[in-house]
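The primary structure of each chain is shown beneath.
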Amino acid sequence: EPEVTQTPSHQVTQMGQEVILRCVPISNHLYFYWYRQILGQKVEFLVSFYNNEISEKSEIFDDQFSVERPDGSNFTLKIRSTKLEDSAMYFCAIVLAGVQYEQYFGPGTRLTVT
Amino acid sequence: AQSVTQLDSQVPVFEEAPVELRCNYSSSVSVYLFWYVQYPNQGLQLLLKYLSGSTLVESINGFEAEFNKSQTSFHLRKPSVHISDTAEYFCAVLYSGAGSYQLTFGKGTKLSVIP
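Residues numbered from 1 in each chain as written. Chains lettered and ligands numbered in written order. Predicted model: local features only at pLDDT ≥ 70, side-chain atom pairs only at ≥ 80, totals over all residues. Heavy atoms only, no water.

Caption draft 1: Broad picture of the interface of chain A and chain B. Every contact between the two is made by 18 residues of chain A and, on the other side, 21 residues of chain B. Carbon and sulfur atoms make up 58% of the area that chain A and chain B hide from each other, which totals about 1,800 Å². Across the contact surface, chain A and chain B share 1 salt bridge. For A:E102, the salt bridge goes to B:K49, with nearest N and O atoms at 3.0 Å. Scanning the region where chain A abuts chain B turns up 5 residue pairs in polar contact (both at pLDDT 80 or more). Looking at the side of chain A that touches chain B, the elements that each hand over two or more residues are β4 (31-37), β5 (43-50) and β10 (104-105) of chain A. Of all the elements, β4(A) adds the most residues to the side of chain A that touches chain B, at 4 residues. (Contact = heavy atoms within 4.5 Å. Buried area = accessible area lost by both parts, 1.4 Å probe. Salt bridge = Lys/Arg side-chain N within 4 Å of Asp/Glu carboxyl O. Polar contact = N/O pair within 3.5 Å; in protein donor to acceptor, adjacent residues only side chain to side chain. Helix = DSSP H or I, 4+ residues; strand = E, 2+ residues; numbered from the N terminus.)

Right, here's the structure in full:
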């Protein structure tokens, strides 16, 4: 399985603060995705990113969220003003070129908003 | 709306016993089906997938799943479980069409293997 790392592994922040979660894929990739998993609930799709553009987003992905590739390799998810309900595990996933439909997930970042 | 149902939130089973984790999805013309496994304090690992071809797919560690189009199911089975299989298992569906690649997940089933 291709390696995807995410930093930080755990982030604690106060309500209203901005957070940036990072995803670093190790090998060739075609698509990036962000998902989240609120404790005890199902994994939910947030956004997909292809060719430096958002290709698809869910209703969860409102104006408080943004994604970008600041240096051509890292892929970031920013939450501008965190709310208590943003507390969740956030997973980055990638699809490799030529391995269509298979999404490989990173280990996740646990975000705790206090 | 597309949905994936995993009816069992927790499944305890004795070591070396067989297990079946159930997954049903809302019907669609074209779907791709996946099982992911999440070990404690780790991320989601792709266990097996059905994209096309044979409806029975297998993983390297003895799990298998069968795509049943008429019943819209993709149940996961293992004939003899090990302690190391203790984890949470997620069924996921990719509803192809209109260029969408987002996965829809079930709520997960926690498999506990009892020594």
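Caption draft 2: Local environment of the sheet that holds strand β7 (residues 65-68) of chain A. Residues and elements named next belong to chain A. As summarised here, the arrangement of the 4 strands in space is β1-β3-β8-β7, forming an open sheet in which the pairing is antiparallel. Edge positions in the sheet fall to β1 (4-7) and β7, since each of these pairs with one other strand and no more. Looking at each pair of strands side by side, their axes are set apart by 15° on average, direction ignored. (Pairing = 2+ DSSP bridges. Axes fitted to C-alpha atoms, helices over the stretch in contact; angles between N-to-C directions.)

Caption draft 3: The arrangement of the packing of aromatic side chains in detail. Counted according to the given criterion, the structure contains 19 aromatic pairs over all chains. Taking the centre distance of 4.6 Å and the plane angle of 20° together, the rings of A:Y31 and A:Y50 count as stacked. On the criterion of sequence distance, the pair formed by A:Y31 in strand β4 and A:Y50 in strand β5 is long-range, its members being 19 residues apart. For A:Y50, a relative accessible area of 35% gives the class partly exposed. Within the aromatic cluster, the residues linked to one another by ring pairs are A:Y31, A:Y33, A:Y35, A:F45, A:Y50, A:F91, A:F105, B:F34, B:Y36, B:F90, B:Y101 and B:F105. (Phe/Tyr/Trp six-rings, centres within 6.5 Å; stacked < 30°, edge-to-face > 60°. Buried < 20%, exposed > 50% of the residue type's maximum accessible area, 1.4 Å probe, protein only.)

Caption draft 4: Molecular detail of the side chain of B:S73. For B:S73, the position within the fold is in strand β9 (residues 73-78). Residues in contact with B:S73, not counting those within four places in the same chain, are B:C23, B:N24, B:Y25, B:E66, B:F67 and B:N68.

Caption draft 5: View of the nonpolar core. Within the largest apolar cluster, 47 residues are counted, with the highest numbers of intra-cluster contacts made by A:W34, A:Y35, A:Y90, B:Y36 and B:F105. With 8 residues, the top contributor of residues to this core is strand β9 (residues 88-95) of chain A. Those residues in contact with B:F105 that lie beyond four places of it in its chain are A:Y35, A:K42, A:V43, A:F105, B:V4, B:Y36, B:L44, B:F90, B:C91 and B:A92. The next biggest cluster of nonpolar side chains, apart from the first, holds 29 residues, and it includes B:Y25, B:L48, B:A65 and B:L76. (Core = buried A, V, L, I, M, F, W, Y, C linked by side-chain atoms within 4.5 Å.)

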